[in-house]
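# Understanding the architecture of this molecule
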Amino acid sequence: MTFKGESENGEPVLLKKVFAGQIENEVTMPVRHPGLVPVHDIIRSENEVFLVQSFRTGKNLRELTSVHRKRLPLTESQLLSVFTQVIEALQTMHTSGWMHGDIKPGNIIVDVGKQDVPVSVVDFGKASPFGAFNSGDDSFSLVYSAPELVLREYDLAGPSADFYALGITLYE
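The structure presented is a predicted model; accordingly, all values stated were derived computationally and were not measured. Along each chain, numbering runs from 1 in the same order as the chain's sequence is written. pLDDT decides what is reported in this predicted model: residues at 70 or higher carry local features, side-chain atom pairs at 80 or more are listed and counted, and totals for whole chains, interfaces and linings draw on all residues regardless. To get the side-chain values, take all heavy atoms of the structure and skip hydrogens and water.

Turning next to the overall build of the protein. If you tally the helices and strands in the protein, you get 5 helices and 9 strands. A run of H or I in DSSP becomes a helix once it reaches four residues, and a run of E becomes a strand once it reaches two; helices and strands are each numbered from the N terminus. Walking the protein from its N terminus toward its C terminus, one meets helices and strands in the order β-β-α-β-β-β-α-α-β-β-β-β-α-α. In the protein, buried positions account for 41% of the 172 residues. Residue exposure ignores everything except the shown protein chains as possible cover, and the areas themselves are Shrake-Rupley values with a 1.4 Å probe. Of the roughly 9,800 Å² of accessible surface on the protein, 53% is carried by carbon and sulfur atoms. The buried label applies to any residue whose accessible area, calculated with a 1.4 Å probe on protein chains only, is under 20% of its type's maximum; exposed applies above 50%, and partly exposed to all values in between.

The next subject is unusual backbone geometry. One non-glycine residue, Asp123, lies in positive phi territory at about 65°. In this structure, Asp123 sits in the loop between β8 (119–121) and β9 (128–129). For Arg152, which is not glycine, the phi torsion reads 60° and is therefore positive.

With that settled, consider the packing of aromatic side chains. Here a Phe, Tyr or Trp ring, Trp counted by its six-membered ring, pairs with any other such ring whose centre lies within 6.5 Å, and the pair is stacked when the planes are under 30 degrees apart, edge-to-face when over 60, and tilted otherwise. What the rule picks out here adds up to 1 aromatic pair. Over the ring of Phe55 we find Lys4, and its NZ or CZ is 4.5 Å from the ring centre. In this analysis the charged atom, NZ for Lys or CZ for Arg, is taken to sit over a ring once it is within 6 Å of the ring centre and within 35 degrees of the ring normal.

Moving on, we come to the side chain of Asn60. Turning to its location among the elements, Asn60 is positioned in strand β5 (residues 59–60). Any N or O atom pair separated by 3.5 Å or less is treated as a polar contact, with the protein-specific requirement of one donor-capable and one acceptor-capable atom, and with residues adjacent in sequence counted only for side-chain atom pairs. Polar side-chain contacts of Asn60 include one of 2.9 Å to the backbone nitrogen of Arg62. In this description, contact between two residues means that some pair of their heavy atoms is separated by no more than 4.5 Å. Look past the residues within four positions of Asn60 in its chain and what remains in contact with it is Pro105, Gly106, Ile108 and Ile109.

Our next topic: helix α3 (residues 76–95). If you check α3, its first and last C-alpha atoms are 28 Å apart, about what 20 residues at 1.5 Å a residue would give, namely 28 Å. Along α3, the residues that are buried comprise Val82, Phe83, Val86, Ala89, Leu90, Met93 and His94. Buried residues of α3, seen end-on, are gathered within an arc of 145° and therefore sit on one face of the element. Along α3, the residues that are exposed and aim more than 90 degrees away from the buried face are Ser77, Leu80 and Thr95. Taken from the residues just after α3, Gly97 is the one with a positive phi, measuring 85°. Here a helix's expected span is defined as the number of its residues, less one, multiplied by 1.5 Å. By definition, the arc is the one covered by directions from the helix axis to the C-beta atoms.

Put into structure tokens, the structure is as follows:
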């Protein structure tokens, strides 16, 4: 569950309700890139935990394909730009020894209203250093999951798992 809010200095932020187990990787991931949406703060109450992140305009690829009946409102060159930006963001993560772990259309935000079609990769609840995928969490998106994740060969998980999921996303 997400909510749009405003920071103390008036900037728009996204408040994302999470389970306590999702916090560690989203907050501790040391990777920074313009296409990766960082966590700025954590708000805790007795029963709820929210992550405060930069607000990004646009829609995720899942929403765009649903609204436009499987046909994205992007030209071929814009679509190439979208996936190039995702690859660059993932490459930054991978160079730092981290994998996203949950690449899928719902975790790629695209702002089709802007000329350069900026892209943001979101939801780092499954992000982990290579070989340290959370083996106790089997709630991954099966359709987009690489064979090593489905077979629970977590020590083999790395960049290829993210690119496998990105390939399925591109195919759709």
